[in-house]
Amino acid sequence: MRRLVHRLGGRSPRERAAQRARHVRAQLGVAADIAITARRRALAGAQNTPRSGPGEREPRGRVTVDDVLEYARQHFGLLAVPREKAAAVLRARYELRGGRRDLDTDAYTV
């Protein structure tokens, strides 16, 4: 018992909560990156199929907040993440990775 108290005694509950929040945000960032990469890979496979006409635009993918939440659940076991938090992380990763050129997202409407 003394070791446990000693180990946890070095940081306050506020510091532990802040570290946990940073860790969850980092995991959500990785989940958003996975969702973006998966959608881009699916798009790459779809672009190899012939289009019907010369005037048709390239297909666009759609990354959703639900995709991020699903990858966070699958990969990290995060079950109780608010949609607003996942949307904020998806917006940041979407903009950082240049998502506007080939992807759409619903993160701005949540």
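Residues numbered from 1 in each chain as written. Predicted model: local features only at pLDDT ≥ 70, side-chain atom pairs only at ≥ 80, totals over all residues. Heavy atoms only, no water.

1. Considering the pattern of salt bridges
Here is step 1 of the chain: For the coordinates displayed, the defined rule picks out 7 salt bridges.
Here is step 2 of the chain: Between D33 and R97 there is a salt bridge whose closest N-O contact spans 3.5 Å. Residue D33 is found in helix α2 (residues 13–47), and its partner R97 is found in the loop between α4 (83–96) and β2 (103–105); the two are separated by 64 residues along the sequence.
Here is step 3 of the chain: Given a relative accessible area of 19%, D33 falls into the buried group.
Here is step 4 of the chain: Using a relative accessible area of 25% as the deciding quantity, one classes R97 as partly exposed.
Here is step 5 of the chain: Note that R83 is salt-bridged to D66, the shortest N-O span being 2.5 Å. In this pair, R83 sits in helix α4 while D66 sits in helix α3 (residues 65–76), placing the two residues 17 residues apart along the sequence.
Here is step 6 of the chain: The exposure class of D66 is partly exposed, given its relative accessible area of 45%. (Salt bridge = Lys/Arg side-chain N within 4 Å of Asp/Glu carboxyl O. Helix = DSSP H or I, 4+ residues; strand = E, 2+ residues; numbered from the N terminus. Buried < 20%, exposed > 50% of the residue type's maximum accessible area, 1.4 Å probe, protein only.)

2. A closer look at α3
Here is step 1 of the chain: A rise of 1.5 Å per residue sets the reference length of α3, with its 12 residues, at 16 Å; its end C-alpha atoms lie 16 Å apart and thus fit the reference within 8%.
Here is step 2 of the chain: Within α3, the full set of buried residues consists of V65, D67, V68, L69 and A72.
Here is step 3 of the chain: Just downstream of α3, G77 is the residue with a positive phi angle, here 70°. (Expected span 1.5 Å × (residues − 1).)

3. Description of the packing of α3 against α4
Here is step 1 of the chain: Two elements in contact, α3 and α4, have axes whose closest approach is 9 Å; the angle formed by their N-to-C orientations is 100°. Taken together, the axes of α3 and α4 lie roughly perpendicular to each other. Residues V65, D66, V68 and L69 of α3 lie in contact with α4, whose contacting residues are R83, A86, A87 and L90.
Here is step 2 of the chain: Classifying every residue of the contact of α3 with α4 gives 6 nonpolar, no polar and 2 charged. (Axes fitted to C-alpha atoms, helices over the stretch in contact; angles between N-to-C directions. Parallel < 35°, antiparallel > 145°, perpendicular 65-115°, else oblique. Contact = heavy atoms within 4.5 Å. Nonpolar A, V, L, I, M, F, W, Y, C, P; charged D, E, K, R; others polar.)

4. Quick look at the nonpolar core
Here is step 1 of the chain: If you look at the biggest cluster of nonpolar residues, it comprises 21 residues, and the most contacted ones within it are L28, V65, V68 and L90.
Here is step 2 of the chain: Where this core is concerned, the elements lending two or more residues are α2, α3 and α4.
Here is step 3 of the chain: For this core, the element with the highest residue contribution is α2, accounting for 7 residues.
Here is step 4 of the chain: In this view, V68 contacts L28, A31, A32, A35, A86 and L90; residues no more than four positions away in its chain are not counted. (Core = buried A, V, L, I, M, F, W, Y, C linked by side-chain atoms within 4.5 Å.)

5. Some thoughts on α4
Here is step 1 of the chain: For α4, which comprises 14 residues, the first-to-last C-alpha distance of 20 Å matches the rise-based estimate of 20 Å (1.5 Å per residue) to within 8%.
Here is step 2 of the chain: Of the positions making up α4, those classed as buried are A86, A87, V89, L90 and Y94. Projected down its long axis, α4 shows its buried positions confined to an angular sector of 165°, all on one face. Seen from the open side of α4, the exposed residues pointing more than 90 degrees away from its buried face are E84 and L96.
Here is step 3 of the chain: G98 sits one or two positions beyond α4 and adopts a positive phi of about 65°. (Arc of directions from axis to C-beta.)

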